[in-house]
Amino acid sequence: MFVEKPVKVWRPGQPLRDKAFLSFGELADYEAQKCGKRTSSSFMTSFSHLIFRGAFDSEPLDHHPFVDRMTIDQSLRYLQIPLIDAQFDKKSNMLAGSAEFLGYGCANSEDVIVRLALMHQWFEYGSERKTVEELTSYKNDLLTHPFESYPDKVQGFLNDTLIAKEKLKEWYRLRGTSVPWPLASNDNALTLSPAGKPSVISANESRSTPRGRPPKSAWTFIKHRSRQLRRADKNLLNKVIASMVLDEASSDFNKDDLPAHSTVVKELGKILEGL
């Protein structure tokens, strides 16, 4: 951790409920204990790459009535990243000379990349990266390397990034597996839908599953992630979306559980209908 007892900063959202969140470092340790064949660092590579690809991003609540948005605790919907910055010195009317840990704030994948670039620059003497092209290049570089090769401050930042347990339950439910932390209710019910976000399973879900053979176990994840990617970028071609979701799914499912690329492309017309 950057500090033992930081002042909690939540924007937007409500004060921290400690038992409601896990850090990715803790989650990787639980997964390693459960698996027994992979290290925590190996799981952190998987989680970090998923973060960079936006697998834990939340969709905006623009379609919700304003009153409803005021009652939703958005800290449960977004990643909570360490806020490292220089504070303003009122006496000198200037920024403080050194950056320090201020608390946590809501973030999606793009925010994570921006903050990681700053961590690398400030503490590891990395290059300054400000443009979209520079940040995209930095993200792509991180995606080609394992977690253990990242600079120490970047590793610390990712280890300390928080995610709500309820958000994780939905993520594990989509993969048909139980959550790894102890004393947890492993029913993985979708508990965020009533207040936090609309359900990701549509009324037409069953009609978008290929007929004939039993569906591959990865299909629920493929449908959900494909819709996320299309909503994030309306210009993505179906074949590109298929490649992206299969690439992500390959780290969570056995090869035998993954459908062929051509099958995913064929089904995406129905999966993405109406988006």
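Now for a look at the structure at hand. Chains are numbered independently. Their residues run from 1 in the order of the written sequence. For a predicted model such as this one, the threshold for reporting local features is a pLDDT of at least 70, and the threshold for listing and counting side-chain atom pairs is 80 or more; totals across whole chains, interfaces and linings nevertheless cover every residue. In computing side-chain values, all of the structure's heavy atoms are included and hydrogens and water are not.

Quick notes on the packing of helix H4 (residues 109-124) against helix H6 (residues 152-160)
Thinking step 1. With their axes 8 Å apart at the nearest point, H4 and H6 run at an angle of 145° to one another. H6 is crossed by H4, and the crossing has right-handed handedness. Judged by residue contacts, Val112, Arg115, Leu116, Met119, His120, Phe123 and Glu124 of H4 engage Asp152, Lys153, Val154, Phe157 and Leu158 from H6.
Thinking step 2. Following the grouping adopted for this structure description, the nonpolar residues are Ala, Val, Leu, Ile, Met, Phe, Trp, Tyr, Cys and Pro, the charged ones are Asp, Glu, Lys and Arg, and the polar ones are all others, Gly among them. Residue composition of the contact of H4 with H6, by class: seven nonpolar, one polar and four charged. Lines fitted to the C-alpha atoms define the axes, with helices restricted to the stretch that makes contact. Angles between their N-to-C directions range from 0 to 180 degrees. A helix here means a DSSP run of H or I that spans at least four residues, while a strand means a run of E at least two residues long, and both kinds are numbered starting from the N terminus. Rotating anticlockwise by less than a right angle from the far helix to the near helix defines a left-handed crossing, while the corresponding clockwise rotation defines a right-handed one. Contacts: residue pairs with any heavy atoms within 4.5 Å of one another.

A word on the packing of aromatic side chains
Thinking step 1. Any two rings among Phe, Tyr and Trp, with Trp reduced to its six-membered ring, count as a pair given centres within 6.5 Å; such a pair is stacked if its planes are under 30 degrees apart, edge-to-face if over 60, and tilted if neither. Summed over all chains, the structure comprises seven aromatic pairs.
Thinking step 2. Taking the centre distance of 5.8 Å and the plane angle of 55° together, the rings of phenylalanine 24 and phenylalanine 47 count as tilted. Separated by 23 residues along the polypeptide, phenylalanine 24 in helix H1 (residues 24-35) and phenylalanine 47 in helix H2 (residues 40-52) bring together distant segments of the chain. In this pair, the class of phenylalanine 24 matches that of phenylalanine 47, namely buried. For each residue, the accessible area found with a 1.4 Å probe, counting protein chains only, is set against the maximum for its type, and the residue is called buried under 20%, exposed over 50%, and partly exposed in between.

What about the pattern of salt bridges?
Thinking step 1. Counted as salt bridges are all cases of a side-chain nitrogen of Lys or Arg within 4 Å of a carboxyl oxygen of Asp or Glu. Taken as a whole, this structure holds six salt bridges when the rule is applied.
Thinking step 2. A salt bridge links lysine 169 to glutamate 166; its shortest N-O distance comes to 3.7 Å. A residue pair is termed a helical-turn pair when its members lie 3 or 4 positions apart in one helix, as lysine 169 and glutamate 166 do in helix H7 (residues 165-174) at three residues.
Thinking step 3. Where arginine 225 meets glutamate 248, a salt bridge forms, and the shortest distance between an N and an O atom there is 2.9 Å. Taken together, the residues arginine 225 in helix H8 (residues 219-232) and glutamate 248 in helix H9 (residues 238-249) connect sequence positions 23 residues apart.

A word on the nonpolar core
Thinking step 1. We call a set of buried residues a nonpolar core when its members are Ala, Val, Leu, Ile, Met, Phe, Trp, Tyr or Cys and they connect through side-chain atoms within 4.5 Å of each other. If you look at the biggest cluster of nonpolar residues, it comprises 44 residues, and the most contacted ones within it are Phe24, Phe47, Phe52, Phe56, Val112, Leu116 and Leu158.
Thinking step 2. Other than its neighbours up to four places away in sequence, phenylalanine 56 contacts Phe24, Phe47, Leu50, Ile51, Arg77, Leu79, Asn108, Ile163, Lys167, Leu168 and Trp171.
Thinking step 3. Counting 17 residues, the second-largest nonpolar core is a separate cluster that includes Ile222, Leu229, Leu236 and Ala249.

Regarding the environment of alanine 107
Thinking step 1. By secondary structure assignment, the location of alanine 107 is in strand E5 (residues 100-107).
Thinking step 2. For the pair alanine 107 and glutamine 80, spaced 27 residues apart in sequence, the C-alpha to C-alpha distance is 6.0 Å.

Looking at the packing of H9 against helix H10 (residues 261-271)
Thinking step 1. It is the contact of H9 with H10, at a shortest axis distance of 9 Å, that shows an interaxial angle of 125°. In terms of orientation, H9 lies oblique with respect to H10. The handedness of the crossing between H9 and H10 comes out as right-handed. Where H9 abuts H10, its residues Asn238, Lys239, Ile241, Ala242, Ser243, Val245 and Leu246 lie against His261, Val264, Val265, Leu268 and Gly269.
Thinking step 2. Considering only residue class, the contact of H9 with H10 consists of seven nonpolar, four polar and one charged. Here the angle decides the label: under 35 degrees means roughly parallel, over 145 means roughly antiparallel, 65 to 115 means roughly perpendicular, and every other value means oblique.

A look at the side chain of serine 109
Thinking step 1. With respect to the helices and strands, the residue serine 109 is situated in helix H4.
Thinking step 2. Under the relative-accessibility criterion, serine 109 is labelled buried at 8%.
Thinking step 3. Side-chain polar atoms of serine 109 contact the side chain of aspartate 57, separated by 2.7 Å.
Thinking step 4. Excluding residues that lie within four positions of it along the chain, serine 109 makes contacts with Ile51, Phe52, Gly54 and Asp57. For this analysis, a polar contact is any N or O atom pair within 3.5 Å, provided that within protein one partner can donate a hydrogen and the other can accept it, and provided that sequence-adjacent residues contribute only side-chain to side-chain pairs.

Function cannot be read off these values alone, since they describe shape.
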